[in-house]
Amino acid sequence: MSRSGGGGRRPDSRHDQPTQAPAPPFQRGTDRGSHYGSGAAPSSSHAASTSTAPAPSSPSISASAPSSSSVSTLVEETEQKLTLAALAAATPPPSSSQAVGFPVRPGFGTVGRKCVVRANHFMVQLAERDIHHYDVSITPWVTSRKINRQIISQLINLYRLTDLGERIPAYDGMKSIYTAGPLPFESKEFIINLPDSDPRPSSSTRLRERQFRVVIRLASKPDLYTLQQFLRRRHFEAPYEVIQVLAVVLRAAPSEKHTVVGRSFFSTDLGPMGQLGDGVEYWRGYFQSLRPTQMGLSLNIDVSASSFYEPILVTEFVQNYCRDLSHPLSDEVRLKVKKALKGIKVVLTHREYNNSHKITGISSQPMSQLMFTDDSATRMSVIQYFRERYNIALQFTSLPALVAGSEARPIYLPMELSRIVAGQRYAKRLNERQVIALLRATCQRPREREENIRMMARANAYNEDTLVNKEFGIQVADDLTSVDARILPAPMLKYHETGREASVNPGFGQWNMINKKMFNGGRVEVWTCVNFSTRLNRDVAFQFCQGLVDMCNSKGMVFNLRPVIPISSSNPNQIEKALVDVHNRTTQQGKQLQLLIIILPDVSGSYGRIKRVCETELGIVSQCCQPRQASRLNMQYFENVALKINVKVGGRNTVLVDAVQKRIPLVTDRPTIIFGADVTHPQPGEDSSPSIAAVVASMDWPEVAKYRGLVSAQAHHEEIIQDLYKSIQDPQRGFVHGGMIRDGVGERQFSQVLLHEMNAIRQACASLEEGYAPPVTFVVVQKRCRTRLFPAENNRCDLTDRSGNILPGTVVDTEICHPTEFDFYLNSHAAIQGTSRPTRYHVLYDENRFTADGLQVLTNNLCYTYARCTRSVSVVPPAYYAYLAAFRARYYIEDETSAGGSTDGNRSTAERNLAIRPLPVIKDNVKDVMFYC
């Protein structure tokens, strides 16, 4: 973007992060969250908390701990307050058995310009029905939901008019069916014979036994009355069991017709498909979720796309890793192929009727050397077997064989005769080219997306579905819901007084650095640069550094013009040696390197190693730059990188004017810390990798713009942060207390997360000073919600931006929000492409007693303080920073846990947890700054 433009830097310009580092442009799986708040700490979907109590007199982390009795007393008091919070706030006494009460809404916001938006929520009306829940057991046991549905469908076809009393059950695909009235029995056994014409049977589901024993037993009677009372705000515990029943009913028909992925449905019939490369294609589909709202039940529908394996021969798939199949695979390629193919199903092409086989691995030997013993105890080669048994002369005998079956009885399958079964989701991380291809193919402007959602809802024809409408009395509206919204004003941002513009009022969520200087320019005295690109000569590297240093100085930093040691070029195959050499040469001069500028190698893949060595071994703060960008010597690029360098050396780019003038209610009234936390999980199949928790905390009250970060490894896919509070015996410092606060929370986990983590927060505070219990506000930020907001009038420039999206600052806390609890949707950013996604903020605990306006305005304003760009961002910065810190920490261990491919997926959770190794320790001088930016 040109410097004369008004756009500023994009938040996804990843000059020091690989392309996956910022928040993903599309989702896979369920909603995730973080924390953010005010008090001792704020918390949201990227966790954050704020504390407004006075700081303790001795805030040192190594302060003496209070007695265990005082800590336990605080914990007991916290549990009582959490349990009674909703009761105390509610005017009528609720009939709730909920263990943990969440704050009720303190009123509705009034700040901002009123407008109307359309939300992709379709209102749902219910008729009176007597719902019954029955347990289902199928013998022999079947793991495939698709096969289970076929069995129950056959049962309904045979017995609906007789044994089922003319009822049509709704089946969840596993162990439950629901009916809109009682069946004529409480327990009954059925024998079902599945027809031989069943398509694509799986060898793993033991379908050679075509006869199944199905037992149906009455389990419970979910009561619609409790849901009605909840929606009328007379009951304060969400009746998830009843909502689950209705969700199963609405999902029944699409689950039989489409491929199910979580709460989404995909099919080649739901829109055009396309290629993503490397044997992967995308299918279109839609997401569907039933939610309780202030207006009643709402069906949230959103269009979606997901990646699937192409139904091609395995040899075609392998050619994406090795073009020449006439020679044996190298060990490196063989491991990559094994990792890519493990777990997918294939069918053999040389047999007309054939079961599918699930790949468990590939042989270590090529087929030309692979021997096995057949059923007659004869030893023969795979090549010989196929020649004698099927008269097939295999061509690619240098390739390994696919391995299926069990370890005791492996089945060897030639790659050239194995075709990947269609409809298998590709759950691994997409590479950069695939991500770009998916975004280009599926990116939709608001008008187009809204119309596609509307068409998808109408095509589903819920009101014409016999099970949905006639049997269960559910009626779904045929259009999106109009919702009252407000557009919050953008905050005034403060820059340094020596700049020609000392403050700015952003328009449309963006601004630029023209005529501005950083609020606090950092100082860099000791620096150098190492160039790992073979395409950039020394002169270009020197010009790049000179331009970057000049830009830093022009924007208010104090940056030494001369590097401490000469700028050098190094072999990209000897990265660690080069980094150690730079460190040693600097320390030999008796100086501590403050900043190392690194021009990355031309081939990607070394970023993580560089960061691990610099941050955990050498104690170097680094700024990585892509060689393609460095060679352009572009002023806008220099400006963007300067923003990141400044916060990495302790500076601040901008702050809120209201923060400087102490005009933020609660936050600037007394010393306050804002925390952000997040938990990231390894990609599917990486059973050996731990989950990583990160927490950041503001260190510069009242400006709250500078955040220090900590990271910790914990159990595989564990959502609750385990090291939020811990005590350790340090050899130098003695008994030390530490703590963290956090992200990544689904609604069903709210109570568990709040109870566990609030107790940990209280223990951490008590470790600083006996009786220290600052008021805490705990907010979950759900950054991957599927709600979309569209302008009600597309042609009004005062209600939309140039892309046709709703304006930054649009907030909704009415119709589509929770019936009783304190939540809101905030669209704080301007979309760079496609349709903007609002973030949902849900308050779980609030001792600071925020008003609706107070928390909404604070959250929106903080989104303008993100250090890496001159744009407002979609997620409150403390949560965003925690995500970046957690993502960075994964690089510290990925070489150890990913290089060898997936481990045994059958290992128990306990076995995996025992293997957790702590993360490498980040050096103190690195932790002191925002190294993750």
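By the naming in an unreviewed UniProt entry, the chain is Protein argonaute 5, taken from Citrus sinensis.

Glancing now at the side chain of Asp 823. By the element assignment, Asp 823 lies in strand β43 (residues 823–827). A polar side-chain atom of Asp 823 sits 3.2 Å from the main-chain amide nitrogen of His 818. A polar contact of 2.9 Å, which involves the side chain of Asp 823, links it to the side chain of Arg 840. Once residues within four sequence positions are removed from consideration, Asp 823 is found in contact with Arg 105, Asp 813, Cys 817, His 818, Arg 840, Tyr 841 and His 842.

This next bit is on the packing of aromatic side chains. Across all of its chains, the model carries 25 aromatic pairs by this definition. Between Tyr 707 and Tyr 881, the ring centres sit 5.4 Å apart and the planes meet at 55°, which makes this aromatic pair tilted. Taken together, the positions of Tyr 707 in strand β37 (residues 707–714) and Tyr 881 in helix α19 (residues 877–898) put the pair 174 residues apart, joining distant regions of the chain. With respect to burial, Tyr 707 and Tyr 881 carry one shared label: buried. What links up through ring pairs into an aromatic cluster is the set Tyr 707, Tyr 866, Tyr 880, Tyr 881, Phe 931 and Tyr 932. Lying across the ring of Phe 190, Lys 188 places its NZ or CZ 6.0 Å from the centre.

Turning to the environment of Ile 610, a few remarks are in order. Within the secondary structure layout, Ile 610 lies in helix α13 (residues 607–618). Those residues in contact with Ile 610 that lie beyond four places of it in its chain are Ile 575, Leu 579, Ile 598, Leu 600 and Cys 624.

Any two side chains of opposite charge can pair if their charged atoms end up close together. Counted under the stated rule, the structure contains 32 salt bridges. As a salt-bridge pair, Glu 501 and Lys 516 come within 3.1 Å of each other at their nearest N and O atoms. In this pair, Glu 501 sits in the loop between β26 (493–494) and β27 (503–504) while Lys 516 sits in the loop between β27 and β28 (523–524), placing the two residues 15 residues apart along the sequence. A relative accessible area of 4% places Lys 516 in the buried class.

With that settled, consider the packing of helix α12 (residues 575–587) against α13. One way to put it is that α12 packs onto α13 with a least axis distance of 10 Å and a crossing angle of 35°. In this structure, α12 crosses over α13, and the sense of that crossing is right-handed. The segment α12 lies against α13, with Ile 575, Glu 576, Leu 579, Val 580 and His 583 engaging Arg 609, Ile 610, Arg 612, Val 613, Cys 614 and Leu 618. Of the residues belonging to the contact of α12 with α13, the class tally is seven nonpolar, one polar and three charged.

Let's shift gears to unusual backbone geometry. Residue Pro 140 follows Thr 139 across a cis peptide bond; omega there is 0°. Tracing the backbone shows Pro 140 in the loop between β6 (132–139) and α2 (145–159). Backbone torsion omega between Trp 701 and Pro 702 reads 5°, so that peptide bond is classified as cis. Assignment of secondary structure puts Pro 702 in the loop between β36 (691–698) and β37. The backbone phi angle of Asp 278 is positive, close to 60°, even though this residue is not glycine. If you check the backbone angles, Lys 662 has positive phi at about 55° while not being a glycine. The residue Lys 662 is located in the loop between α16 (657–660) and β35 (673–680) in this model. For Lys 662, a relative accessible area of 44% gives the class partly exposed.

Parameters and conventions
- Residues numbered from 1 in each chain as written.
- Predicted model: local features only at pLDDT ≥ 70, side-chain atom pairs only at ≥ 80, totals over all residues.
- Heavy atoms only, no water.
- Helix = DSSP H or I, 4+ residues; strand = E, 2+ residues; numbered from the N terminus.
- Polar contact = N/O pair within 3.5 Å; in protein donor to acceptor, adjacent residues only side chain to side chain.
- Contact = heavy atoms within 4.5 Å.
- Phe/Tyr/Trp six-rings, centres within 6.5 Å; stacked < 30°, edge-to-face > 60°.
- Buried < 20%, exposed > 50% of the residue type's maximum accessible area, 1.4 Å probe, protein only.
- Lys NZ or Arg CZ within 6 Å of the ring centre and 35° of its normal.
- Salt bridge = Lys/Arg side-chain N within 4 Å of Asp/Glu carboxyl O.
- Axes fitted to C-alpha atoms, helices over the stretch in contact; angles between N-to-C directions.
- Left-handed = near helix turned anticlockwise from the far one by under 90°.
- Nonpolar A, V, L, I, M, F, W, Y, C, P; charged D, E, K, R; others polar.

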